[in-house]
Amino acid sequence: QKEVEQDPGPLSVPEGAIVSLNCTYSNSAFQYFMWYRQYSRKGPELLMYTYSSGNKEDGRFTAQVDKSSKYISLFIRDSQPSDSATYLCAMSGSGGYNKLIFGAGTRLAVHP
Amino acid sequence: NAGVTQTPKFQVLKTGQSMTLQCAQDMNHNSMYWYRQDPGMGLRLIYYSASEGTTDKGEVPNGYNVSRLNKREFSLRLESAAPSQTSVYFCASSEGSNSPLHFGNGTRLTVT
């Protein structure tokens, strides 16, 4: 079993929809949680970065961490075609530089 | 501000050939990383350099070597390329442990 599980999709939604992207994990020591967005043929770019549990909001994006369920989510409100990309979750504990574990990514398509 | 720059963008090698992938960052980051990304596998750490003068193995180091040339530059060398090394290679940098990673746009390598 992988340490971080992420549904690969693809997820197809109409413009304006609310999108929910999720990851589950097995390591209770994870404390740092990140979401990256990756456009086709580009490198991942950081979207959200949270420490421990709770919510964090940035514009149309909200990241949630539920450590009791070992479950993290990224919500995108009023989705736009420009949000079409692959979304990667990543997480780590206190182990340091080599301990960042990535999910395989969920491909999202927002159609007009 | 270029961020993380990788060269070349594309490369085709024959089995047994060698090559070096170059990476440079202009954010004055201490730590640098090399990842490979394969379909369904997510990003996997090959090598990392926590600080100038140090390098350490990641999850999949076999067949690769690295050099932290200075604080800005971190190169990845394939001494004898194999078809299993066909992948997209990403360089990343961060301020330090558990800090978010900043990625380059990747090198697409095909080994025939």
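Rules behind the numbers
Residues numbered from 1 in each chain as written. Chains lettered and ligands numbered in written order. Predicted model: local features only at pLDDT ≥ 70, side-chain atom pairs only at ≥ 80, totals over all residues. Heavy atoms only, no water. Helix = DSSP H or I, 4+ residues; strand = E, 2+ residues; numbered from the N terminus. Rg over C-alpha atoms; globule rule 2.2 N^0.38 Å. Buried < 20%, exposed > 50% of the residue type's maximum accessible area, 1.4 Å probe, protein only. Contact = heavy atoms within 4.5 Å. Areas by Shrake-Rupley, 256 points an atom, 1.4 Å probe, with all protein chains shown as cover. Lys, Arg positive; Asp, Glu negative; His and termini not counted. Charge placed at Lys NZ, Arg CZ, Asp CG, Glu CD. Polar contact = N/O pair within 3.5 Å; in protein donor to acceptor, adjacent residues only side chain to side chain. Buried area = accessible area lost by both parts, 1.4 Å probe. Salt bridge = Lys/Arg side-chain N within 4 Å of Asp/Glu carboxyl O. Nonpolar A, V, L, I, M, F, W, Y, C, P; charged D, E, K, R; others polar. pLDDT = per-residue confidence, 0-100. Pairing = 2+ DSSP bridges. Axes fitted to C-alpha atoms, helices over the stretch in contact; angles between N-to-C directions. Disulfide = S-S within 2.5 Å.

**Quick word on the overall build of chain B**
Phase 1: Scanning chain B from terminus to terminus reveals zero helices and 11 strands.
Phase 2: Helices (α) and strands (β) of chain B occur, in sequence order from the N terminus, as β-β-β-β-β-β-β-β-β-β-β.
Phase 3: Against the globule reference of 13 Å for 112 residues, chain B gives a C-alpha radius of gyration of 13 Å, in line with a compact fold.
Phase 4: Taken over 112 residues, chain B has a buried fraction of 52%.
Phase 5: A separation of at least 24 residues holds for 54% of the contacts in chain B among residues at least 6 apart in sequence.
Phase 6: Only carbon and sulfur atoms are counted for the fraction: they give 47% of the accessible area of chain B, which is about 5,000 Å².
Phase 7: A distance of 7 Å separates the average location of the 10 positive side-chain charges in chain B from that of its 8 negative side-chain charges.

**A word on the side chain of B:Ser49**
All names here are of chain B.
Phase 1: With respect to the helices and strands, the residue Ser49 is situated in strand β5 (residues 42-49).
Phase 2: Of the residues examined, Ser49 reaches a relative accessible area of 0% and is grouped as buried.
Phase 3: Polar contacts involving the side chain of Ser49 include one to the side chain of Arg68, which spans 2.7 Å.
Phase 4: Sequence-distant contacts of Ser49, that is, excluding residues within four places in its chain, are made with Asn30, Ser31, Met32, Thr54, Thr55, Arg68 and Phe74.

**Overview of the interface of chain B and chain A**
Phase 1: Taken together, the 22 residues of chain B in the interface contact 22 residues of chain A.
Phase 2: A per-residue breakdown of the area chain B buries against chain A is headed by B:Leu43, B:Asn98 and B:Pro100, which together make up 29% of the total.
Phase 3: Where chain B packs against chain A, one counts zero salt bridges.
Phase 4: For the interface between chain B and chain A, the tally reads four residue pairs in polar contact (both at pLDDT 80 or more).
Phase 5: Going through the elements one at a time, β4 (31-38) and β5 of chain B are the ones with two or more residues in the side of chain B that touches chain A.
Phase 6: The class makeup of the residues in the side of chain B that touches chain A is 11 nonpolar, 10 polar and one charged.

**Focus: the confidence of the model for chain A**
Phase 1: Summary statistics for chain A give a mean pLDDT of 92 and a share of 96% for residues scoring 70 or more.
Phase 2: The least confident element of chain A, judged by mean pLDDT, is strand β10 (residues 101-102) of chain A at 90; the most confident is strand β3 (residues 19-25) of chain A at 97.

**Some thoughts on the sheet that holds strand β7 (residues 61-66) of chain A**
Paired through backbone hydrogen bonds, the strands of a sheet run either parallel or antiparallel to each other.
All names here are of chain A.
Phase 1: Overall, antiparallel pairing links the five strands, which are arranged β1-β3-β8-β7-β6 in an open sheet. Strands with a single pairing partner mark the edges of an open sheet, and in this sheet they are β1 (4-6) and β6 (54-58). Recorded for the sheet is a direction-independent mean angle of 15° between the axes of neighbouring strands.
Phase 2: Of the strand pairs in this sheet, β1 and β3 are connected by three bridges, and their pairing is antiparallel.

**Here we look at the side chain of B:Asp38**
Residues and elements named next belong to chain B.
Phase 1: Along the chain, Asp38 turns up in strand β4.
Phase 2: Within polar-contact distance, the side chain of Asp38 engages the side chain of Arg36 at 2.9 Å.
Phase 3: With residues up to four places along the chain from it excluded, the contact list for Asp38 reads Arg44, Thr86 and Ser87.

**Re the state of the cysteines**
Phase 1: Inspection of the entire model under this criterion finds two disulfides over all chains.
Phase 2: Disulfide pairing places A:Cys23 opposite A:Cys89 at an S-S distance of 2.0 Å. Since a negative S-S torsion denotes a left-handed disulfide, the A:Cys23-A:Cys89 link at about -100° is left-handed. In this pair, A:Cys23 is assigned in strand β3 and A:Cys89 in strand β9 (residues 85-92), connecting sequence segments 66 residues apart.
Phase 3: Each disulfide pairs two cysteine sulfurs, and for B:Cys23 the partner residue is B:Cys91, the sulfurs being separated by 1.9 Å. The S-S bond linking B:Cys23 to B:Cys91 shows a torsion near -75°; that makes this disulfide left-handed. Here B:Cys23, found in strand β3 (residues 19-25), pairs with B:Cys91, found in strand β9 (residues 87-94); they are 68 residues apart in sequence, far enough to count as distant.

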